[in-house]
Amino acid sequence: MGDGRDEGPATLLLLNGPPGVGKSTLAVVLAAGRPGTLVLDVDVVRTLISGDPAEAAEPARRLALDMARSHLSSGADVVVPQLVARPDQVARFARAAADGGARFSHAMLRASPAIVAARVAADGSAHRAGLDDATRAAYDAGLRRVARRGDVAVVDADADVADVARRLGRLLDG
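Predicted model, so just to flag it, every value in this text is computed and none were measured. (Residues numbered from 1 in each chain as written. Predicted model: local features only at pLDDT ≥ 70, side-chain atom pairs only at ≥ 80, totals over all residues. Heavy atoms only, no water.)

Student: Where do I start with the overall build of the protein chain in this structure?
Tutor: Looking only at helices and strands, one finds seven helices and five strands in the protein chain. Mapped from its N terminus to its C terminus, the protein chain presents α and β elements in the order β-α-β-α-α-β-α-β-α-α-β-α. For the protein chain, the spread of C-alpha atoms along the three principal axes comes to 45 × 40 × 30 Å. Out of the 174 residues belonging to the protein chain, those deemed buried represent 40%. (Helix = DSSP H or I, 4+ residues; strand = E, 2+ residues; numbered from the N terminus. Buried < 20%, exposed > 50% of the residue type's maximum accessible area, 1.4 Å probe, protein only.)

Student: Would you explain helix 4 (residues 87-99) in this entry?
Tutor: Because an α-helix packs 3.6 residues into every turn, residues spaced three or four apart end up facing the same way. Helix length check: helix 4, at 13 residues, gives a terminal C-alpha distance of 18 Å against a target of 18 Å (1.5 Å per residue), a fit within 8%. The elements touched by buried residues of helix 4 are strand 1 (11-16), helix 2 (42-47), helix 3 (57-73), strand 3 (78-81), strand 4 (103-110) and helix 6 (133-147). Of the residues flanking the end of helix 4, it is Gly101, one or two places downstream, whose phi is positive at about 70°. (Expected span 1.5 Å × (residues − 1). Contact = heavy atoms within 4.5 Å.)

Student: How should the packing of helix 3 against helix 4 be read in this particular structure?
Tutor: Axes are the key here: two packed helices are described by the angle between their axes and the distance separating the axes. Here helix 3 crosses helix 4 at 30°, and the two axes come no closer than 8 Å. The orientation of helix 3 relative to helix 4 falls into the category roughly parallel. Handedness of the crossing formed by helix 3 with helix 4: right-handed. Mapping the contact onto sequence places Glu58, Arg61, Arg62, Leu65, Arg69 and Leu72 in helix 3 and Gln89, Arg92, Phe93, Ala96, Ala97 and Asp99 in helix 4. In terms of residue class, the contact of helix 3 with helix 4 is made up of five nonpolar, one polar and six charged. (Axes fitted to C-alpha atoms, helices over the stretch in contact; angles between N-to-C directions. Parallel < 35°, antiparallel > 145°, perpendicular 65-115°, else oblique. Left-handed = near helix turned anticlockwise from the far one by under 90°. Nonpolar A, V, L, I, M, F, W, Y, C, P; charged D, E, K, R; others polar.)

Student: Honestly, the environment of Pro35 in this entry has me stumped. Any pointers?
Tutor: On the secondary structure map, Pro35 appears in the loop between helix 1 (23-32) and strand 2 (38-39). Owing to a relative accessible area of 47%, Pro35 belongs among the partly exposed residues under this scheme. Residues Pro35 and Ala94, 59 residues apart in the sequence, show an inter-C-alpha distance of 23 Å.

Now the structure itself:
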């Protein structure tokens, strides 16, 4: 496809982690250096479905997985910046990659609370509203379960965005 990456199969890279860790920013930076890469934000897909946003979650996930399969089957990479706190949901992304003839790579982004707070403060998005303690605890517990899958690369996201993106680029390259 002339996408600027090395020969070999396309990759679906799941950028996972808590809100405010930098998933969306890193996805955009990664894709900017790799023409043809699809940044597939499931939360954006969700906003395209009318009605109650809570009821749109599963249809948005199904649609995003179909989009990923299609794009991967054309030989191009897909980067998904998404908090995925359930192992069965991670497995759906891995299946979509396989169905698209691609590799699956999973990065769990971690950053210090101070770095996350600074990024959230600088970000004009919904992250600003913050999370209540119960929701944050549930996300953290889910992310710990997902990290036990064994196919997860834990990536320190405290560093400069360009440096972290370079490290993540190696996961795309295989």
